There are 6 protein chains.
Amino acid sequence: MTGPIVVINPNSNQAVTDGLADALSGFQLQGGPAIECLTLAEGPFGIESQADSDLVVAPLIDLVKRRGDAGAFVIACYSDPGLEACRTISAVPVFGIQESGVLAALARGDLFGVIAISEGSVARHRRYMRRMGVLDRLAGERALNMSVAETATGKDTFAALERTGRKLVDDGADAIVLGCAGMATHRSALEHSIGVPVIDPTQAAVAMALGAVLPG
Amino acid sequence: MTGPIVVINPNSNQAVTDGLADALSGFQLQGGPAIECLTLAEGPFGIESQADSDLVVAPLIDLVKRRGDAGAFVIACYSDPGLEACRTISAVPVFGIQESGVLAALARGDLFGVIAISEGSVARHRRYMRRMGVLDRLAGERALNMSVAETATGKDTFAALERTGRKLVDDGADAIVLGCAGMATHRSALEHSIGVPVIDPTQAAVAMALGAVLPG
Amino acid sequence: MTGPIVVINPNSNQAVTDGLADALSGFQLQGGPAIECLTLAEGPFGIESQADSDLVVAPLIDLVKRRGDAGAFVIACYSDPGLEACRTISAVPVFGIQESGVLAALARGDLFGVIAISEGSVARHRRYMRRMGVLDRLAGERALNMSVAETATGKDTFAALERTGRKLVDDGADAIVLGCAGMATHRSALEHSIGVPVIDPTQAAVAMALGAVLPG
Amino acid sequence: MTGPIVVINPNSNQAVTDGLADALSGFQLQGGPAIECLTLAEGPFGIESQADSDLVVAPLIDLVKRRGDAGAFVIACYSDPGLEACRTISAVPVFGIQESGVLAALARGDLFGVIAISEGSVARHRRYMRRMGVLDRLAGERALNMSVAETATGKDTFAALERTGRKLVDDGADAIVLGCAGMATHRSALEHSIGVPVIDPTQAAVAMALGAVLPG
Amino acid sequence: MTGPIVVINPNSNQAVTDGLADALSGFQLQGGPAIECLTLAEGPFGIESQADSDLVVAPLIDLVKRRGDAGAFVIACYSDPGLEACRTISAVPVFGIQESGVLAALARGDLFGVIAISEGSVARHRRYMRRMGVLDRLAGERALNMSVAETATGKDTFAALERTGRKLVDDGADAIVLGCAGMATHRSALEHSIGVPVIDPTQAAVAMALGAVLPG
Amino acid sequence: MTGPIVVINPNSNQAVTDGLADALSGFQLQGGPAIECLTLAEGPFGIESQADSDLVVAPLIDLVKRRGDAGAFVIACYSDPGLEACRTISAVPVFGIQESGVLAALARGDLFGVIAISEGSVARHRRYMRRMGVLDRLAGERALNMSVAETATGKDTFAALERTGRKLVDDGADAIVLGCAGMATHRSALEHSIGVPVIDPTQAAVAMALGAVLPG
């Protein structure tokens, strides 16, 4: 049997990791690989800048090296920190959630939109999507302009998601990616509210990991 | 619980459908959706041209309409016949295997290669990948130049796959998509032989379908 | 002498075919090929969805096969249904009106705009133009939001065309394509009104067909 | 009735103009516009560099201004010298033969190839095609490596065209553009020999001009 | 020692040349190449159209040929007239200011904006940037809608630059190119006012020329 | 006066830093900014992988923060490690040498080629150039397949550079970028040998830095 799908939350906020485990509980199937969610103890409390993202690469590499038993890794931060470096040193597939979320959206709509937490990450994500070569499919990315903490706990989050999602649909998006590891609880309700598929990127990455490790 | 993932073989060759069921047996997990493989009785024995591909759309639409119980559909022919039409008339997600196979490859390598059965399909696939907007990631597509029947049964198939896969790696591919619904049995051995990830597109589509229908 | 340019209206509305014949009467020149406009009896009354478009391919192929005397074919529906399939089975050139209309516009302006009949076709056309590889030249596509019947008969059509055309010019378009086979009567007046070249796609396709069949 | 289609040979070699008139004789149709081929007396004997091309713009503009009776202009040099400038000062459509030839090829194949006279023009043409935004459809451009004079008169020209055309087909081209105003006499024979459509760019431009000036 | 960097103002307005010399005085360093600003006597008083731009190529080529002592040339008109022709005939590097300004902006921000003098040049510049292959990095180009003379002397120029620059920042630009040879005096103040890097294209071209001619 | 241009060698090999200082001595001009070359003591002896590149970001950020007196920074490793992060935290311009080298090449030729030290960096560079949006201008990248140490000292380096550069010219390159911080000593001789401009990326970055900091 394949080893577990190890989902790494590269920030040190255990509540985020717990949320990931919750969002992925439906993907734990009998006969399938275990899905194990870990907190990167050395990470910052939140990853909100390019520097934050770069600085977790060193401990991420260490963690990947330590977990030689894994069947696949998912790096569960929307900046996909250390993705290329971890791929180079790992013998098993490594998935990033931005990459996986975007690719999953491309199978659900012709143009996709992204809901970012903060304005500051929009340019960083655009550079990444240009590197992926998928900008011709992007309707737009718009920010909620809330902190990660607010989106996790705040009661106004869903209303902001709806408002932002509807603007992206007006921009032409027929599928939406949640641009953060921590918004999965709203996915299904948002999808019903705005009427187009909504992708949680961590679930998308785990689905891709299942495709890579299931026997076939 | 979600309805089954209905995988439709749009040609009328039951042996191909049986091969699909076999290749997908590892994706049938307890607690997950059933995966049901169907033969499109009205399809031709093989889909080898643009006309063949267009002419199965009518019965495909009928089948999708009849299966209102499905949780998701996978159209298991690498031409992705009727994909857009079925999406328009279906209330649940519909996946094409060319689209899914290519997207899965984009999560495994920077440049992907495609192994086509016949030279005649290369231009058709290129038009499709241009429509997807992913040509900047394509290392190349090369044909085995065998009929579908030969690839299914012939003993020389694996050697041809190796030869063609190695050429694509020389072209720069660091992930390979099998450009046909019927080559899954060779996937794992080919991956070990040529040293880069090899994607079976039907497995990739079913993994995407799991991501869309599993609760989360 | 070359055989006739056979212009096929793939819907079964004879009034549309009559309009095509009228719009093309200026292209019937002595010494040049006959231009023959046909109604596809098996087509729906109007082609308004991807499924409509896919379902006319079978009778289109039959018609093309029956007309072995043709010098060239023009498929006169803006979705270009069956274009690739007909090309595969025909010994003479086959032109689609979306493709020809867009290409003609590229010779008249740096950025082109498209006036669609309905919002629902905009995404379908965008996928097609992405496949053509011409999105870098598209200023935008905007819909009249009228039914085909309304645009053919309604007195408000011209005002809607002017309004939509002016918005596209504001978007940067310096040439406009009429995104439907049935708006040719308005072409010349619209061009004078909005001040940029306006392309009727069927006329554009017939001009391309002339270029292909005239001796030279 | 519309004024004539004025085809300007911007070099001063009358033999080239005579060849153009010959190649376009089939486009002179009763009831259609006259097609008038002119030599630009002020042009160099041949246009073989960027400087040659730039230096004919001044007399070209003068000629276009003098011919206020024209219904359309065609600038019959594959560098499309002065095309944008002439468009700015002319009240009627102006066509370039590189632009028109490439666009006509896009309606005949998915990937096109170009046969250039000399290696030295390949980079210039590529810049132009990049400006057109059509490089995703280019299979390649290859040079005959003959002088304009040699191609016009030399008995080895056809063999060189065949050799070069076949290489482009191997590169993936399914339509070929003759990258020069003076190779029309070989068009039809080359098309039969190599088995894919071959476009004479001047004929393509005149066909586009017919589409622009015929009443409709 | 290398010859001078010869900066050619291709219009005949000596005040513009004096402005260039002033803007470049900081680049005259001891031990480095002389920077010599010349007026093209044969040029028009201002270059405001494609025809103006094409018609200066002949005297530009003559000037470049006469100055065989130059270490590098800069053509200081934002249309980059004659750039390719001068490169072909010159033994030393030739820089255009649009090209250099855009490239310098690409090293300062992910998306750049351009401030044009007049609306009429926007399409011309876009064709040029498409030819450069950099449109995926363009946030937008917006016009001041002032004549060259007004921008040089008018007291309202800075306010117009601020207003236009801020709109480009709203469009997503994080670096701005001044789309004219004559706005350098405002560069530094504009940069401080709008908070993103502002590039004077002539300075950018001279910096590139320094990189090409300094010993190393 | 502006502060110095601080050129950081992010590996800990002082010989490389000394080579940089040597290659940049011609850029030290009286009246211009000082150019100061530093070794990043915390860096590895050579940066040869994605992980090496990611792991120097932390000390790079620290160094940039400590040098608040700098007028501009150049990160002198061809992987451009930490470039985006340093830009975010620095008040002055920060240049990467891959980015600057490529941009400088775009001003010298229509298609550029890159000479990489090792095959292993080609895919990493391609991802970076795709992110830059310049792949339509890339003729190709080819590796010397020598270690950094060998290229610095080995007597066979120049022959390998010539061989590789000529292949890139055959691929269509009309300008070449040296894809490493340590090959500047060969730049001029290579340029003369292969007949197209050769760009040393560190010199290109310092020239861009001069353009950003010189008064104007």
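Cut-offs used in this document
Residues numbered from 1 in each chain as written. Chains lettered and ligands numbered in written order. Predicted model: local features only at pLDDT ≥ 70, side-chain atom pairs only at ≥ 80, totals over all residues. Heavy atoms only, no water. Helix = DSSP H or I, 4+ residues; strand = E, 2+ residues; numbered from the N terminus. Buried < 20%, exposed > 50% of the residue type's maximum accessible area, 1.4 Å probe, protein only. Arc of directions from axis to C-beta. Contact = heavy atoms within 4.5 Å. Buried area = accessible area lost by both parts, 1.4 Å probe. Salt bridge = Lys/Arg side-chain N within 4 Å of Asp/Glu carboxyl O. Polar contact = N/O pair within 3.5 Å; in protein donor to acceptor, adjacent residues only side chain to side chain. Pairing = 2+ DSSP bridges. Axes fitted to C-alpha atoms, helices over the stretch in contact; angles between N-to-C directions. Nonpolar A, V, L, I, M, F, W, Y, C, P; charged D, E, K, R; others polar. Parallel < 35°, antiparallel > 145°, perpendicular 65-115°, else oblique. Left-handed = near helix turned anticlockwise from the far one by under 90°. Least-squares fit on C-alpha atoms with pLDDT ≥ 70 in both. Patch = residues over 30% accessible without salt bridge, like charges linked within 9 Å, V, L, I, M, F, W, Y side chains within 5 Å. Areas by Shrake-Rupley, 256 points an atom, 1.4 Å probe, with all protein chains shown as cover. Lys, Arg positive; Asp, Glu negative; His and termini not counted. Charge placed at Lys NZ, Arg CZ, Asp CG, Glu CD. Domains from an automatic or database assignment. Disulfide = S-S within 2.5 Å.

K.L.:
I would appreciate a short explanation of the overall build of chain A in the present structure.
P.N.:
A count of helical and extended segments in chain A gives 10 helices and eight strands. Judged by the C-alpha coordinates and their principal axes, chain A covers about 45 × 40 × 35 Å. For chain A, the residues scored as buried account for 64% of the 216 residues in total.

K.L.:
Mind showing me how you'd approach helix H9 (residues 187–194) of chain F here?
P.N.:
Residues lying three or four places apart along an α-helix face the same way, a consequence of the helix completing one turn every 3.6 residues. Residues and elements named next belong to chain F. The set of residues buried in H9 consists of Arg187, Leu190 and Ile194. The buried residues of H9 occupy an angular sector of 65 degrees when the element is viewed end-on, so they sit on one face. For H9, the secondary structure elements touched by its buried residues are strand S5 (112–116), helix H8 (157–170), strand S7 (175–179), strand S8 (198–199) and helix H10 (201–213). Among the residues trailing H9, Gly195 stands out with phi positive, at a value near 80 degrees.

K.L.:
Teacher, can you tell me more about unusual backbone geometry here?
P.N.:
For residues that are not glycine, phi is negative in most cases, and the peptide bond is trans in most cases. One non-glycine residue, Asp80 of chain C, lies in positive phi territory at about 50 degrees. With respect to the secondary-structure elements, Asp80 of chain C resides in the loop between strand S3 (72–75) and helix H4 (83–89).

K.L.:
Would you mind going over the interface of chain C and chain E with me for this structure?
P.N.:
How big an interface is tends to be reported as the loss of accessible area on association of its parts. Every contact between the two is made by five residues of chain C and, on the other side, four residues of chain E. Summing both partners gives a buried area of about 400 Å² for chain C against chain E, and 41% of it is carried by carbon and sulfur. By the criterion of area lost to chain E, the three top residues of chain C are Asp110, Leu111 and Asp136 of chain C, representing 82% of everything that side buries. For the interface between chain C and chain E, the tally reads two salt bridges. A salt bridge links Asp110 of chain C to Arg130 of chain E; the shortest N-O distance between them is 2.9 Å. Summed over the shared surface of chain C and chain E, the result is two residue pairs in polar contact (both at pLDDT 80 or more).

K.L.:
Would you mind showing me how to read the arrangement of the chains here?
P.N.:
If you take every C-alpha in chain A and every C-alpha in chain D, the smallest gap between them is 13 Å, and the two do not touch. There is a clear gap between chain B and chain E: no contact, and 13 Å between their nearest C-alpha atoms.

K.L.:
Explanation requested: the side chain of Gln98 of chain E in the structure shown.
P.N.:
Residues and elements named next belong to chain E. Note that Gln98 resides in helix H5 (residues 97–106). Exposure remark for Gln98: the relative accessible area of 1% places this residue in the buried category. Apart from residues lying up to four places away in sequence, Gln98 is in contact with Tyr78, Ser79, Asp80, His125, Tyr128 and Met129.

K.L.:
What's the story with the sheet that holds strand S3 (residues 72–75) of chain A in this structure? I'm lost.
P.N.:
Sheet strands associate in pairs through backbone hydrogen bonding, adopting either a parallel or an antiparallel arrangement. Residues and elements named next belong to chain A. Spatial ordering of the open sheet is given by S2-S1-S3-S4, a layout of four strands whose pairing is parallel. With one partner strand each, in any of the chains shown, strand S2 (35–39) and strand S4 (94–96) form the two edges of the open sheet. On average, each strand axis in the sheet is tilted by 20 degrees relative to the strand beside it, whichever way the strands run. One ladder, built from five bridges, connects strand S1 (residues 5–9) with S2; its direction is parallel. Its bridge partner being in S2, Val7 is matched across the sheet by Cys37. Packed on one face of the sheet, helix H1 (residues 14–23) meets S1 and S2 and runs near 170 degrees to S2. The sheet contacts of helix H3 (residues 57–66) involve S1, S2 and S3, and relative to S1 the element is tilted by about 160 degrees.

K.L.:
Sorry, what's going on with the interface of chain B and chain A here?
P.N.:
The interface is formed by 30 residues belonging to chain B together with 30 residues belonging to chain A. Our count for the contact surface shared by chain B and chain A stands at five residue pairs in polar contact (both at pLDDT 80 or more). Among the elements of the structure, strand S4 (94–96), helix H5 (97–106) and helix H10 (201–213) of chain B are those that each provide at least two residues to the side of chain B that touches chain A. Broken down by class, the residue content of the side of chain B that touches chain A amounts to 17 nonpolar, eight polar and five charged.

K.L.:
I tried to follow the sheet that holds strand S6 (residues 138–143) of chain D on my own but got confused; where do I start?
P.N.:
Residues and elements named next belong to chain D. A sheet is described by the order of its strands in space; here four strands give the open sequence S6-S5-S7-S8, paired in parallel fashion. Whereas interior strands pair on both sides, the edge strands pair on one side only; in this sheet they are S6 and strand S8 (198–199). One ladder, built from two bridges, connects strand S7 (residues 175–179) with S8; its direction is parallel. Paired with Ile176 across the two strands is Val198, which belongs to S8. Each of strand S5 (112–116), S7 and S8 touches helix H5 (residues 97–106); the most contacted strand, S7, lies at about 170 degrees to it.

K.L.:
I keep staring at the packing of helix H6 (residues 122–132) of chain D against helix H6 (residues 122–132) of chain E and nothing clicks. Help me out?
P.N.:
Geometry of a packed helix pair, given as the angle between the helix axes and the separation of the axes. Close contact between H6 of chain D and H6 of chain E brings their axes to 7 Å; oriented N to C, the two are set at 120 degrees. The angle between the axes of H6 of chain D and H6 of chain E places the two elements in the oblique class. At the point where H6 of chain D passes H6 of chain E, the crossing takes the right-handed sense. Within the contact between the two elements, H6 of chain D uses Arg127, Arg130, Arg131 and Met132 of chain D and H6 of chain E uses Arg127, Arg130, Arg131 and Met132 of chain E. A class-by-class count of the residues in the contact of H6 of chain D with H6 of chain E yields two nonpolar, no polar and six charged.

K.L.:
Would you take a moment to explain the relation of the copies chain C and chain E for this structure?
P.N.:
One copy of the chain maps onto the other through a rotation about an axis followed by a shift along the same axis. Of the two same-sequence chains, chain C is brought onto chain E (RMSD 0.0 Å, axial shift 0.0 Å) by a rotation of 120 degrees. Such values leave the two copies arranged in the relation of a three-fold axis. Closest approach to the rotation axis within chain C is made by the C-alpha atom of Asp136 of chain C, at a distance of 5.4 Å.

K.L.:
Hey, could you run me through a negative patch on the surface in this one?
P.N.:
On the surface, a cluster of negative charge is contributed by Asp136 of chain A, Asp136 of chain B, Asp136 of chain C, Asp136 of chain D, Asp136 of chain E together with Asp136 of chain F. Mapped onto the elements of the fold, Asp136 of chain D is located in the loop between H6 and S6. Here Asp136 of chain D falls in the partly exposed class, since its relative accessible area comes to 41%.

K.L.:
Please explain the relation of the copies chain B and chain A as it appears in this structure.
P.N.:
Under the fitted operation, chain B is carried onto chain A by 0.0 Å of movement along the axis and a turn of 180 degrees, and the coordinates agree to an RMSD of 0.0 Å. Both copies are brought into coincidence by an operation consistent with a two-fold rotation axis. Here 100% of the interface residues in chain B have copies in chain A that are interface residues too; the copies meet face to matching face.

K.L.:
Is there a simple way to think about the environment of Leu190 of chain E in this case?
P.N.:
All names here are of chain E. Mapped onto the fold, Leu190 is located in helix H9 (residues 187–194). You can call Leu190 buried: its relative accessible area is 0%. Placed 13 residues apart in sequence, Leu190 and Gln203 show a C-alpha to C-alpha distance of 15 Å. In this view, Leu190 contacts Ile115, Phe158, Leu161, Glu162, Leu178, Gly195 and Val198; residues no more than four positions away in its chain are not counted.

K.L.:
I'm lost on the packing of helix H8 (residues 157–170) of chain B against helix H9 (residues 187–194) of chain B in this one. Help?
P.N.:
All names here are of chain B. As a packed pair, H8 and H9 sit with axes 10 Å apart at the nearest point and diverge in direction by 45 degrees. Taken together, the axis directions place H8 and H9 in an arrangement best described as oblique. In this structure, the crossing between H8 and H9 has a hand that is right-handed. Contact residues: H8 offers Phe158, Leu161, Glu162, Gly165 and Arg166, while H9 offers Ala189, Leu190, Ser193 and Ile194. Residue classes in the contact of H8 with H9 are distributed as five nonpolar, two polar and two charged.

K.L.:
Before we go on, may I ask you to explain the domain arrangement of chain A in this structure?
P.N.:
Residues and elements named next belong to chain A. Under the domain assignment used here, chain A contains domain 1 (5–96 + 203–213) and domain 2 (99–200). The distance between the C-alpha centroids of domain 1 and domain 2 comes to 20 Å. With 18 residues of domain 1 at the contact, the number on the domain 2 side is 22 residues. Summing both partners gives a buried area of about 1,600 Å² for domain 1 against domain 2, and 50% of it is carried by carbon and sulfur. The largest share of the area that domain 1 buries against domain 2 comes from Tyr78, Gln203 and Ala204, three residues that together contribute 37% of it. For the pair domain 1 and domain 2, the number of links is two salt bridges. We note a salt bridge from Glu99 to Arg87, for which the minimum N-O separation is 2.7 Å. On the surface where domain 1 and domain 2 come into contact, there are nine residue pairs in polar contact (both at pLDDT 80 or more).

K.L.:
Even after reading the chapter, I still don't get the state of the cysteines, so can you show me in this structure?
P.N.:
Structurally, a disulfide amounts to a covalent bond that connects the sulfur atoms of two cysteines. All names here are of chain E. According to the stated counting rule, one finds zero disulfides over all chains in the structure shown. Among the cysteines around Cys180, which has no disulfide bond, Cys77 carries the closest sulfur, lying 8.3 Å off. With relative accessibility at 9%, the residue Cys180 sits in the buried group.

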